[in-house]
Amino acid sequence: MEALSLPAALSLVAGGGAGLSPELRAALAASLPLVQRDYRFERVWFWGCIQGVRGAYYIAQGLGPDRAAPRQPLNCLDWSLLTPATEEMLALAEEVKGRFQGDPSFEYICAEVQQASEIVNMLYYPVIKEEARLIATIEEIDRAVGIVPRGAFVKTPLGSVHENRHFEGLSLVEAKKLSSYFHFTEPANLKNKTLLEKADLDPSTDFLNSLEHDIPQGSWSIQLEKGGSVVVLRSLLWLGLTFYHVPMTKQFGYVYFGTGEKNLDLPFML
């Protein structure tokens, strides 16, 4: 969610238990604009918090001119830049089970992944540090459940993505539809609608995958809160991810407050 509107945005998603202490709110409100200036980001988003056993990780993200470009994660404890996630990180982190410890130097042994050593003729189990697991988890959550309203961003003919200055929010009727929200990540295979419905698609705004195609179906909970003035979506796959949108306004965003563990039991719960 946008750093400048953090206090108001957190109050809109507080119905799910997400929130920060007054001390943390004050610290972030003062430091996030300085981070944007010092690192020369165009925008800074507060991403959320992953709660570990012995500590928590508070994460922000820096954005450049192209909003679809990889976002730069930052550790809010010391405002250090985290390295981008690699495919190897994502593969190893997927094999790690259990809670985060809260120690970036903690090492996990991926017992289910065996690799052949090139030095000696033996098998060994790869090790991944918690910092790498943290980076991979942030990337995985963004890919799976990072969402935006339809029309909030436009894609130029050159391929870059920018905020849509003409976006004035979804109507209340459209805001209650799951098809009005898109995954904010470049789709590997764009799941368009039927040929009859494609006539209504705008290639500049409908370049992302809609939530209505998510598998398993029913992995999103959509509700009206604050007397029907705010639409809130919560992910049942990544418990703790909350998205909000105030219809007929430009106010929207998402934040994650959770343990960083995917709900693998979801197919059996639906």
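Residues numbered from 1 in each chain as written. Predicted model: local features only at pLDDT ≥ 70, side-chain atom pairs only at ≥ 80, totals over all residues. Heavy atoms only, no water.

Draft legend 1. Here's a closer look at the overall build of the protein chain. Looking only at helices and strands, one finds six helices and 16 strands in the protein chain. Sorting the 270 residues of the protein chain into buried and exposed places 44% on the buried side. For the protein chain, contacts bridging at least 24 residues in sequence account for 56% of all contacts bridging at least 6. Summed over its atoms, the accessible surface of the protein chain is roughly 14,200 Å², and 56% of this surface lies on carbon and sulfur atoms. (Helix = DSSP H or I, 4+ residues; strand = E, 2+ residues; numbered from the N terminus. Buried < 20%, exposed > 50% of the residue type's maximum accessible area, 1.4 Å probe, protein only. Contact = heavy atoms within 4.5 Å. Areas by Shrake-Rupley, 256 points an atom, 1.4 Å probe, with all protein chains shown as cover.)

Draft legend 2. Quick peek at the pattern of salt bridges. What the rule picks out here adds up to ten salt bridges. Between Arg37 and Asp38 there is a salt bridge, with the nearest N and O atoms lying 3.0 Å from each other. Comparing Arg37 with Asp38 shows no difference in burial state: the two are exposed. Here Asp142 ties to Arg71 by a salt bridge, and the two come within 3.8 Å at their closest N and O atoms. Pair noted here: Asp142 is in helix H4 (residues 130–145) and Arg71 is in the loop between strand E2 (56–63) and strand E3 (72–75), with a separation of 71 residues, a long-range link. For the pair formed by Asp142 and Arg71, the shared burial category is buried. (Salt bridge = Lys/Arg side-chain N within 4 Å of Asp/Glu carboxyl O.)

Draft legend 3. Structural view of the packing of aromatic side chains. Summed over all chains, the structure comprises ten aromatic pairs. Geometrically, the ring pair formed by Trp45 and Phe184 is tilted, given 6.4 Å between the ring centres and 40° between the ring planes. Residue Trp45 is located in strand E1 (residues 43–51), and its partner Phe184 is located in the loop between strand E12 (181–183) and strand E13 (220–225); the two are separated by 139 residues in the primary sequence. Overall, the relative accessible area of 9% leaves Trp45 in the buried class. We classify Phe184 as buried; its relative accessible area is 5%. Measuring from ring centre to ring centre gives 6.4 Å for Tyr57 and Phe100, while their planes differ by 70°; the resulting arrangement is edge-to-face. (Phe/Tyr/Trp six-rings, centres within 6.5 Å; stacked < 30°, edge-to-face > 60°.)

Draft legend 4. Spotlight on helix H3 (residues 87–95). Listing the buried residues of H3 in full gives Met89, Leu90, Leu92 and Ala93. Close packing links the buried residues of H3 with strand E8 (127–129) and H4.

Draft legend 5. Geometry of the packing of H3 against H4. The geometry of H3 relative to H4 is characterised by a closest axis approach of 9 Å and an angle of 95° between their N-to-C directions. Comparing the axis directions of H3 and H4 gives the class roughly perpendicular. Here H3 contributes Glu87, Met89, Leu90 and Ala93 to the contact with H4, which in turn contributes Ala132, Arg133, Ile135, Ala136, Glu139, Glu140 and Arg143. Considered class by class, the residues forming the contact of H3 with H4 number six nonpolar, no polar and five charged. (Axes fitted to C-alpha atoms, helices over the stretch in contact; angles between N-to-C directions. Parallel < 35°, antiparallel > 145°, perpendicular 65-115°, else oblique. Nonpolar A, V, L, I, M, F, W, Y, C, P; charged D, E, K, R; others polar.)

Draft legend 6. Here's a closer look at the nonpolar core. In terms of nonpolar packing, the biggest core is built from 46 residues, with Trp47, Ile128, Leu134, Phe153, Tyr181 and Leu233 touching the most fellow members. In terms of residue count, H4 provides more of this core than any other element does, seven residues in total. Ignoring anything within four residues of it in the chain, the contact list for Leu134 reads Ile50, Tyr57, Ile59, Leu82 and Phe100. (Core = buried A, V, L, I, M, F, W, Y, C linked by side-chain atoms within 4.5 Å.)

Draft legend 7. Quick peek at the sheet that holds strand E15 (residues 241–245). Strand order in the open sheet formed by eight strands is E4-E3-E2-E1-E16-E15-E14-E13, with mixed pairing between adjacent strands. Because the sheet does not close on itself, it has two edges, and the strands there are strand E4 (80–81) and E13. In terms of strand pairing, E15 meets strand E16 (residues 252–258) through five bridges, oriented antiparallel. Bridge pairing in E16 places Leu241 opposite Tyr256. Seen against the sheet, helix H2 (residues 22–38) touches E1, E2 and E3 and runs at an angle of roughly 135° to E1. (Pairing = 2+ DSSP bridges.)

Draft legend 8. The arrangement of the environment of Leu233 in detail. Summarising the element assignment, Leu233 is placed in strand E14 (residues 230–235). Counting along the chain gives 57 residues from Leu233 to Lys176, while the straight-line C-alpha distance between them is 9.5 Å. Excluding its chain neighbours within four sequence positions, the residues that come into contact with Leu233 are Ile147, Leu178, Tyr181, Leu211, Trp220, Ser221, Ile222, Leu241, Thr242 and Phe243.

Draft legend 9. The arrangement of the state of the cysteines in detail. Under the definition given, this model contains zero disulfides. Left without a disulfide partner, Cys49 is nearest to the cysteine sulfur of Cys76, which lies 9.3 Å away. You can call Cys76 buried: its relative accessible area is 11%. (Disulfide = S-S within 2.5 Å.)

Draft legend 10. Expanded view of the pairing of E15. Buried residues dominate E15, accounting for five of its five residues. With burial as the criterion, each face of E15 is covered, one bearing Leu241, Phe243 and His245 and the other bearing Thr242 and Tyr244. Here E14 runs beside E15; their pairing, made up of four bridges, is antiparallel. Directly across from Arg234, in E15, lies its bridge partner Thr242. Hairpin connection from E14 to E15: five residues lie between these consecutive antiparallel strands, with Gly240 at a positive phi of about 115°. Connecting E15 to the antiparallel partner E16 that follows it, the hairpin turn spans six residues, and Met248 within it adopts a positive phi of roughly 65°.

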